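Coordinate analysis (summary)
Below, each chain spelled out in residue letters.
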Amino acid sequence: MLPALSLVLALAGQSRPGPGGPAVYSGRAHAVQVQVPRLDAEPVINGRLDEPAWTSAARLTDFTQYAPLDGVPADDSTEVLVWYSPSAIYFGIRAFERHGAVHATLADRDKIFSDDNVQIFLGTFNDGRQATFFAVNPLGVQADGVLVESGRSNSVAQTRESPDLSPDYVFQSKGHLTGDGYEVEVRIPFKSLRYGAGHQHVWSLNVLRAVQHSGYEDTWAPARRASASFLGQSGTLAGLNDLHRGLVMDLTPELTSKVTGAPGTPGWNYDVGNPQLGGTVRWGISNNLTLNGTARPDFSQVESDAGQLAFDPRQSLFFDEKRPFFLDGTEQFTTPNNLVYTRRIVQPVAAVKLTGKTLGANIGLLSAVDDPSASATGTDHPVYNILRVQRDVGARSRLGGLYTDKVDGSASNRLAEVDGRILFGGAYSTQFQLAGSRTHDAGGTATAPLWQARFDNNARTFGWRSSFSGVGDEFQAGAGFIGRAGVVNVDLDPRVTLYGRRGSLVERFTGDIDVLGVWQYRHFVHGRGVQDRKLHFNAGAQLHGGWNVSTGLFVESFGYDSTLYAGYAIALPNGFGGVDTVPFTGQPRIPNFEGIVQVSTPQFSQFDASFFALYGHDENFFEWASSKLVLLNANVDWRPTDKLRLALSYNWQLVLRRTDGSTVGQGRIPRLKVEYQLARPLFLRVVEQYVATEQDSLRDASRTEAPILLRDPTTGIYSRAVAQRSNSFRSDVLVAYQPTPGTVLFAGYGASLDEPRAFRFSDLTRTADNFFLKLSYLFRL
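Residues numbered from 1 in each chain as written. Predicted model: local features only at pLDDT ≥ 70, side-chain atom pairs only at ≥ 80, totals over all residues. Heavy atoms only, no water.

Going from A67 to P68, the amide bond is cis rather than trans, its omega being 5 degrees. Following the sequence through the fold, P68 ends up in the loop between strand 5 (64-67) and strand 6 (78-84). The linkage connecting T265 with the following residue, P266, adopts the cis geometry, with an omega of 0 degrees. Here P266 lies in the loop between strand 16 (249-263) and strand 17 (268-272). If you check the backbone angles, F761 has positive phi at about 60 degrees while not being a glycine. (Helix = DSSP H or I, 4+ residues; strand = E, 2+ residues; numbered from the N terminus.)

Shown next as structure tokens:
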């Protein structure tokens, strides 16, 4: 009777007594609610689960596989222990590994995903939409961030949304390898969390284990890929009573010093600026509301952005935010279409931010005064205000609104928006957004809309993704990022996913046909035809052992965009010994046909790599003609020891004229990053990046072969589009000590060099360099 009773209780989502008395909660039951024991203990976090408190912890067992094949028992056994004290929640992880080697290195923070790791999704508001994210590798090295499900996941490949790893939280962890796997001990202070008011709390929880030798992911709460929400399938933690957060007051003073070098007369001159003192304050007004303020902060980056190559000149390049002040509470400002992009705030003199959840709504308020160097006038202080409000609707849906304004002297930009995401039927979700902007400057006042509707079916075998969106020609987001304005996009992407037997060569196969149409916004409004037509045939497979292979064939047709070539003309002989300047008119349409191949290796113990290649006929945007296009992206990560990491990437873009095979444009960016982890909080990093670009003198390659002229927007004078070349090399060295988020010592040097011929390295000339030092210390009161 006892075994049968135990099985019934487990299937009902209840606990059963463990061998030593604590409750055991099987992950094979759905909607499991864990009664978390409260203990008055403060164990030493040493990675060994041998202190008395762990014998009383609730035990989470019976993980199931999530990827590549969901709903089957996990190959490797995992056990998670959980309990809490008045001031913190504790997790103990026992990961058993009997099928392959454990991958573990002394990695830097947030760089553990080439190792085996365990990820904790802790939903302190139990709303099935957002969770604080904590992850550890077998040695206890940390990664952390936040996951706010917004519908941006790729429903074609049925992948869950990835956490934003930008925020850093203070928590303690340590681990070690054992004879049959590894153990990790984790302590998360309540000071580092936000949660609802009251004395009794219920939080959501799921735990995911990534096993690198197989490429598998296992979860405690049985999550299915055919769902519109990963977090909505979590279990819950109950019995969390009278949590003691105490005073949450973080003071982080910081001191920065910079020395900048540049060519001078004579020789090389250095500008030794005065050391700058600044700092930030973080105050937890309540359990779920936080006020941040900063004055004269150092908002420089300790690592330069990786180089990018732009193929379509109509599309702006996006660079991630990396500055700590803006990253805290970043999940409260998330919107579709990136209408909040804090890198618009270049070098603030002061800023204040209020984030959290109150009166049933998530709120984010940010105000900042920028430096005059970021102003269009050069003398005014640009002022930014951003207000984001989101409210839960029903069990898993959400409505939100946004207001932003930017005032720069007499110029201004204001934006208002509403959006929502509704989940229903398990695998279905719909999302909408409607926004309007009003921009005033010396040229007058302009208003324009932005709108989007999306409907996804994330069913297990047959599903689809569809969207309909538009951005007006005059739409501007002064505090946001719009990749391209003046377009309407329609996208329909049905797919089929097939699953192999467990252990088979092909574990999952997905094929889809993506149909896309692009209109110029003004043409769409007036009922004119589509500009770009795209038909993409894609197929991808996850193979046994963690290999991923995909391929695609793209059949496209691009229409002539007259606005892009408004400043173009051609020089034609006039028959009288002279040359006439004639407006440029491109061919109405360019057909494209190209193929792609992508391959990524498993996360081997010391090595992983990925490769992407595209080849075919595509548009030559330089001259608006058909071209041969080659795109190549290769990445290799090598970990020869548990302390040394090397990351090498190479991006190549080549555009050739189809008429004679000559080169129109080419870009090459090799980048090498070398990191040596001297100790867990101390590392040395060297980054070397070379950016080589070239563009031939332009000609009307599709029709007359006449030289192309470009109009100077200031003088209105046309001149020949001559050949251009740029070869720049950047080297950065950094020594970093960061024992906890907020407490850092950075010392670095960077130099920029140019040379006339690419990759010769014999004629490099230094054009700029700098030394910098940053000290900050987190005082947690």
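What follows picks up the thread again.
Summarising the element assignment, A58 is placed in strand 4 (residues 58-61). The class of A58 is buried, set by a relative accessible area of 3%. Discounting chain neighbours no more than four positions away, the residues touching A58 are A23, Y25, V34, Q35, P37, V80, L81 and V82. (Buried < 20%, exposed > 50% of the residue type's maximum accessible area, 1.4 Å probe, protein only. Contact = heavy atoms within 4.5 Å.)

With that settled, consider a nonpolar patch on the surface. Taken together, the side chains of L247, L251, V281, W283, I285, Y777, F779 and L781 define a hydrophobic patch exposed on the protein surface, amounting to about 710 Å² of accessible area. Per-element accounting of the nonpolar patch gives the leading share, 3 residues, to strand 18 (residues 276-286). Considering the arrangement of structural elements, one finds V281 in strand 18. (Patch = residues over 30% accessible without salt bridge, like charges linked within 9 Å, V, L, I, M, F, W, Y side chains within 5 Å. Areas by Shrake-Rupley, 256 points an atom, 1.4 Å probe, with all protein chains shown as cover. Salt bridge = Lys/Arg side-chain N within 4 Å of Asp/Glu carboxyl O.)

We now examine the sheet that holds strand 33 (residues 579-583). Pairing within the open sheet is antiparallel, and its 4 strands lie in the order 33-32-40-41. Edge strands, defined here as strands with exactly one partner in the open sheet, are strand 33 and strand 41 (718-720). Averaged over all pairs of adjacent strands, the angle between strand axes in this sheet comes to 40 degrees, irrespective of strand direction. As paired elements, strand 32 (residues 568-573) and strand 40 (residues 708-711) share 3 bridges and run antiparallel to each other. (Pairing = 2+ DSSP bridges. Axes fitted to C-alpha atoms, helices over the stretch in contact; angles between N-to-C directions.)

Moving on, we come to the pairing of strand 40. Two faces, one strand: in a regular strand the side chains alternate between the faces of the sheet. Pairing geometry for strand 40 and strand 41, over 3 bridges, is antiparallel. Of the residues in strand 41, the one forming a bridge with L710 is S719. Connecting strand 40 to the next strand, strand 41, in antiparallel fashion are 6 residues, including G716 with a positive phi near 80 degrees.

For the structure on display, the rule yields 39 salt bridges. Taking the shortest distance from any N to any O, the salt bridge between R685 and E675 comes out at 3.5 Å. With R685 in strand 39 (residues 682-695) and E675 in strand 38 (residues 663-679), the pair connects residues that are 10 residues apart, well separated along the chain. R725 is the salt-bridge partner of E694, the closest N and O atoms lying 3.8 Å from each other. A residue pair is termed long-range when its members are at least 10 positions apart, and E694 in strand 39 and R725 in strand 42 (residues 724-740) qualify at 31 residues. The class for E694 is partly exposed, based on a relative accessible area of 23%. Residue class for R725 comes out exposed when judged on its relative accessible area of 56%. Each of D127, R129, K357, D392 and R398 takes part in a single network of salt bridges with overlapping partners.

A few words on the nonpolar core. V34, I89, F91, L122, W203, L205 and W220 are the most contacted members of the largest nonpolar core, which has 40 residues in total. By size, the runner-up hydrophobic cluster in this structure holds 21 residues, among which are V340, A448, F475 and I482. (Core = buried A, V, L, I, M, F, W, Y, C linked by side-chain atoms within 4.5 Å.)

Under the counting rule described, the total for this entry stands at 40 aromatic pairs. Each ring, one from F134 and one from Y169, has its centre 5.9 Å from the other, and the planes form 55 degrees; the classification is tilted. Taken together, the positions of F134 in strand 9 (residues 130-136) and Y169 in the loop between strand 10 (142-148) and strand 11 (172-178) put the pair 35 residues apart, joining distant regions of the chain. In terms of burial, F134 and Y169 fall into one category: buried. Look at W451 and F468: their rings are 4.8 Å apart centre to centre, the planes differ by 65 degrees, and that puts the pair in the edge-to-face class. In this pair, W451 is assigned in strand 26 (residues 444-457) and F468 in strand 27 (residues 462-471), connecting sequence segments 17 residues apart. (Phe/Tyr/Trp six-rings, centres within 6.5 Å; stacked < 30°, edge-to-face > 60°.)

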